[in-house]
Amino acid sequence: MNDFKTLPIKDKPLFLRYAIPCGEVLVKRGELERQTLLSLNEATREKLEIDYPIEKIFPVASKMCTIIARQMGKREIDAEVIRRYFLIEHEKAIKWRQKVRPELKIEECLVYPARVLRIDDKNIFVKTPLGEKFLRPDFAKGIKVNDWVSVHYDYVVEKIKQNWIKRMRW
Amino acid sequence: MCFAIKGRVISVKGKKAIVDFEGIRKNVNAEFVKIKKGDEVLVFNNIIIERCV
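What counts, and at which threshold
Residues numbered from 1 in each chain as written. Chains lettered and ligands numbered in written order. Predicted model: local features only at pLDDT ≥ 70, side-chain atom pairs only at ≥ 80, totals over all residues. Heavy atoms only, no water. Helix = DSSP H or I, 4+ residues; strand = E, 2+ residues; numbered from the N terminus. Buried < 20%, exposed > 50% of the residue type's maximum accessible area, 1.4 Å probe, protein only. Contact = heavy atoms within 4.5 Å. Expected span 1.5 Å × (residues − 1). Bend = angle between axes of the 7 residues up to and from the residue. Pairing = 2+ DSSP bridges. Core = buried A, V, L, I, M, F, W, Y, C linked by side-chain atoms within 4.5 Å. Domains from an automatic or database assignment. 1 Å grid on protein atoms, 1.4 Å probe; cavity = no way out; pocket = protein on both sides within 12 Å on 5 of 7 lines; lining within 4 Å. Points joined across faces, edges and corners; volume = space filled by probe spheres on them. Nonpolar A, V, L, I, M, F, W, Y, C, P; charged D, E, K, R; others polar.

1. Observations concerning the environment of Ser62 of chain A
Residues and elements named next belong to chain A. Assignment of secondary structure puts Ser62 in helix H5 (residues 59–71). Take Ser62: its relative accessible area is 0%, and that puts it in the buried class. For the pair formed by Ser62 and Arg97, sequence separation is 35 residues and the distance between their alpha carbons is 17 Å. Beyond its immediate sequence surroundings of up to four residues, Ser62 is in contact with Thr6, Ile9, Phe15, Ile54, Glu55 and Ile77.

What follows is the structure in structure tokens.
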């Protein structure tokens, strides 16, 4: 493949919080070993050293973040770049793809805000623009009732601030 | 899921290209990857991110 150079990811845990939720799709497509996905999840959840070539595992997201970083005059993919991609540009990209491939469902791919309503050992119950739903708590350590969080597939990704929510189109 | 769509380059003009996706043609950004007419490319959010060889 003829590539442009992907910039280094400075905030790997944050990148993986947003990328891991769609890892199950990569496993189903045969592009990622389930054990690798589980190891990435554990490393992110437990704040372990991340020693995987995540730019190769998630090449499209890495490249899109690289383009955004370059546009912002940055030489690495930091938290601001990651949030700008997944919270703002990602939705445009998914909707562009649906115009080219209308048969692809997009709802699960979208990243959107949610308000935490209830927390128990196994689930986090949230209110989202797409309705109320139960989410996985893998990355939700420290999240409290009434917090605003970002959602990708069935994961709570992170607590998000109002300035990001205002920039999201929800 | 961030996966790109494969298409074929129909024409290139500066930093823009027309890419055919099995009958759907789009004017896309071609500034990040060197391409030429006939190349198979991966496109996401209207940007060519990879040339398939």
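2. Focus: helix H6 (residues 79–100) of chain A
With 22 residues, H6 of chain A extends 30 Å from end C-alpha to end C-alpha; this agrees with the ideal 32 Å at 1.5 Å per step. Of all the bends in H6 of chain A, the greatest measures close to 55° and is centred on Glu89 of chain A.

3. Things to note about the pairing of strand S1 (residues 5–13) of chain B
All names here are of chain B. Inspection of the sheet shows S1 paired to strand S4 (residues 40–44) by four bridges, in the antiparallel sense. Each bridged residue has a counterpart across the sheet, and for Gly7 the counterpart in S4 is Val41. Sheet topology note: the S1/strand S2 (residues 16–21) ladder contains five bridges and is antiparallel. Across the sheet, Lys13 pairs through a bridge with Lys16, a residue of S2.

4. Description of the nonpolar core
Ranked by size, the top nonpolar core spans 82 residues in total, and within it Phe15, Tyr18 and Tyr85 of chain A together with Phe44, Ile48 and Ile49 of chain B carry the most contacts. Here the element with the most residues in this core is H6 of chain A; it accounts for ten residues. Residue contributions to this core reach at least three from each of two domains, namely domain 1 (12–106) and domain 2 (110–167) of chain A.

5. Points about the layout of surface pockets
The volume enclosed by the largest pocket comes to roughly 470 Å³. Around the largest pocket, the lining comprises 22 residues; the ones closest to its centre are Pro21, Glu24, Val25, Tyr153 and Asp154 of chain A. Breaking the lining of the largest pocket down by element, the ones donating at least two residues are helix H2 (23–28) and helix H3 (34–45) of chain A. Examining the composition of the lining of the largest pocket, we find that six residues originate from one element, H3 of chain A, more than from any other. Grouping the amino acids of the lining of the largest pocket by side-chain chemistry returns ten nonpolar, one polar and eleven charged. Residue contributions to the lining of the largest pocket reach at least three from each of two domains, namely domain 1 (12–106) and domain 2 (110–167) of chain A. Within this model, the second largest pocket holds a volume of roughly 300 Å³. For the second largest pocket, the lining is made up of 22 residues, of which Glu31, Pro59 and Val60 of chain A together with Cys2 and Phe3 of chain B are closest to its centre. When contributions to the lining of the second largest pocket are tallied by element, the ones reaching two or more residues are helix H4 (54–57) and H5 of chain A together with S1 and strand S5 (47–52) of chain B.

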